[in-house]
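Understanding the architecture of this molecule
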Amino acid sequence: MPGITLGDTVPNLEVETTHKNFKLHDYFADSWTVLFSHPGDFTPVCTTELGAMGKYAHEFEQRGVKLLGLSCDDIQSHKDWIPDIEAFTPGSKVTYPIIADPNKEIIPQLNMIDPIENGPSRALHIVGPDCKIKLSFLYPSTTGRNMDEVLRALDSLLMAAKHKNKIATPVNWKPDEPVVISPAVSDEEAKKLFPQGFKTAELPSKKGYLRVADVS
């Protein structure tokens, strides 16, 4: 995708939201943020997704992570839409702010454009406290998000950051499962980082690059 991508700093845009107006960097400061966009209010897939975000809000709060929605309509439309969102997903409360972008000026600056439909996308950026994009999902209009995968990916990022990116999470990883040690970490350094020990997989190549460790 053109525009900002992994590792880039999100532009410090001043945005109007259902809560108040603020600059993005002020919102991102000192925490991780899940920033997710929607093509428009009162649309079926988006209604289910914002409801799920509200229902999962406590999971993000437990991790110290903020939520920030964006939809291509005005503030009043957002406020009128929220009762539908909460009604469709029982137990959901939309307590997070939703950015208004009725002129579709913010969406392209955040690289949340669907290249197939050449319009606003169902995109999601996970932004670090340094205001840089750490992970992005881009879904077509026909496919709703998987909230469990958003949480799993977020947990992976938080785990890697906690260990200064000296580790990575393998396929289908979930919290409390073993991680792999970065190839940039020597065995000598790994012994210091993981005094509890680690295992090196025995592979046909005889190369000891796949090292597994238990971490917390």
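Everything that follows concerns the structure shown earlier in this document.
Presented here is a report on the structure given in the accompanying data block. (Residues numbered from 1 in each chain as written. Predicted model: local features only at pLDDT ≥ 70, side-chain atom pairs only at ≥ 80, totals over all residues. Heavy atoms only, no water.)

1. Digging into the sheet that holds strand β9 (residues 133-139)
Convention followed: Here a strand pair is declared whenever DSSP counts at least two bridges between the two strands. A run of DSSP states H or I qualifies as a helix once it reaches four residues; a run of E qualifies as a strand once it reaches two. Both are numbered from the N-terminal end. To get an axis, a line is fitted to the C-alpha atoms, and for a helix only the part in contact is used. The angle between two axes follows their N-to-C directions and goes from 0 to 180 degrees. Any two residues having at least one pair of non-hydrogen atoms within 4.5 Å are treated as being in contact.
Here we have five strands laid out as an open sheet, ordered β5-β4-β3-β8-β9, and mixed in their pairing. Both outer strands of the open sheet, β5 (98-100) and β9, are each paired with one neighbouring strand and no more. If you compare each strand with its neighbour and ignore which way they point, the axes differ by 20° on average. Sheet contacts for helix α2 (residues 44-55): β3 (32-38), β4 (65-71), β5 and β8 (122-127); angle to β3, the most-contacted strand, approximately 160°. The strands that helix α4 (residues 75-88) touches are β4 and β5; relative to β5, the one it contacts most, it runs at about 145°.

2. Topic: empty space enclosed by the protein
The condition that has to hold: In this analysis a 1.4 Å probe is tested at points of a 1 Å grid over the protein atoms alone, and where it fits but cannot get out there is a cavity; an open set with protein on both sides within 12 Å along at least five of seven lines is a pocket; lining residues have an atom within 4 Å of a point. Grid points are joined across faces, edges and corners, and a volume is the space filled by probe spheres set on the points. When residues are grouped by polarity, Ala, Val, Leu, Ile, Met, Phe, Trp, Tyr, Cys and Pro land in nonpolar, Asp, Glu, Lys and Arg in charged, and all others, Gly among them, in polar.
According to the stated counting rule, one finds one cavity of 30 Å³ or more in the structure shown. In this structure, the largest cavity encloses a volume near 40 Å³. Along its surface, the largest cavity is lined by Pro39, Asp114, Glu117, Pro120, Ser121, Arg122, Tyr139, Pro140 and Ser141. Here the lining of the largest cavity is composed, by residue class, of four nonpolar, two polar and three charged.

3. Digging into the state of the cysteines
Under the convention used in this document: Throughout, disulfides are identified as pairs of cysteine sulfur atoms within 2.5 Å of each other. Each residue is assigned to one of three classes by its accessible area relative to the maximum for its type, calculated with a 1.4 Å probe on protein chains only: buried under 20%, partly exposed between the two thresholds, exposed over 50%.
Going through the model one piece at a time under the given rule, you end up with zero disulfides. In this model Cys46 remains outside any disulfide bridge; the closest cysteine sulfur is found in Cys72, 9.3 Å from its own. On the basis of relative accessibility, which here comes to 1%, the residue Cys46 falls in the buried class.

4. Description of the environment of Tyr27
Relative to the helices and strands, Tyr27 resides in helix α1 (residues 24-28). Taking the C-alpha atoms as reference, Tyr27 lies 9.8 Å from Leu67; in sequence the two are 40 residues apart. Among all residues touching Tyr27, those that are not within four sequence positions of it are Phe22, Thr33, Lys66, Leu67, Leu68 and Pro97.

5. With respect to the packing of α2 against α4
Stated precisely, the cut-off is as follows: Roughly parallel means an angle under 35 degrees; roughly antiparallel, over 145; roughly perpendicular, 65 to 115; everything else is oblique.
Interaxial distance between α2 and α4 falls to 8 Å at its minimum, and their mutual angle equals 70°. Classed by the angle they form, the pair α2 and α4 counts as roughly perpendicular. Contact residues: α2 offers Cys46, Thr47, Thr48, Leu50 and Gly51, while α4 offers Trp81, Asp84, Ile85 and Phe88.

Everything listed here is a matter of coordinates, which is why it stays silent on function.
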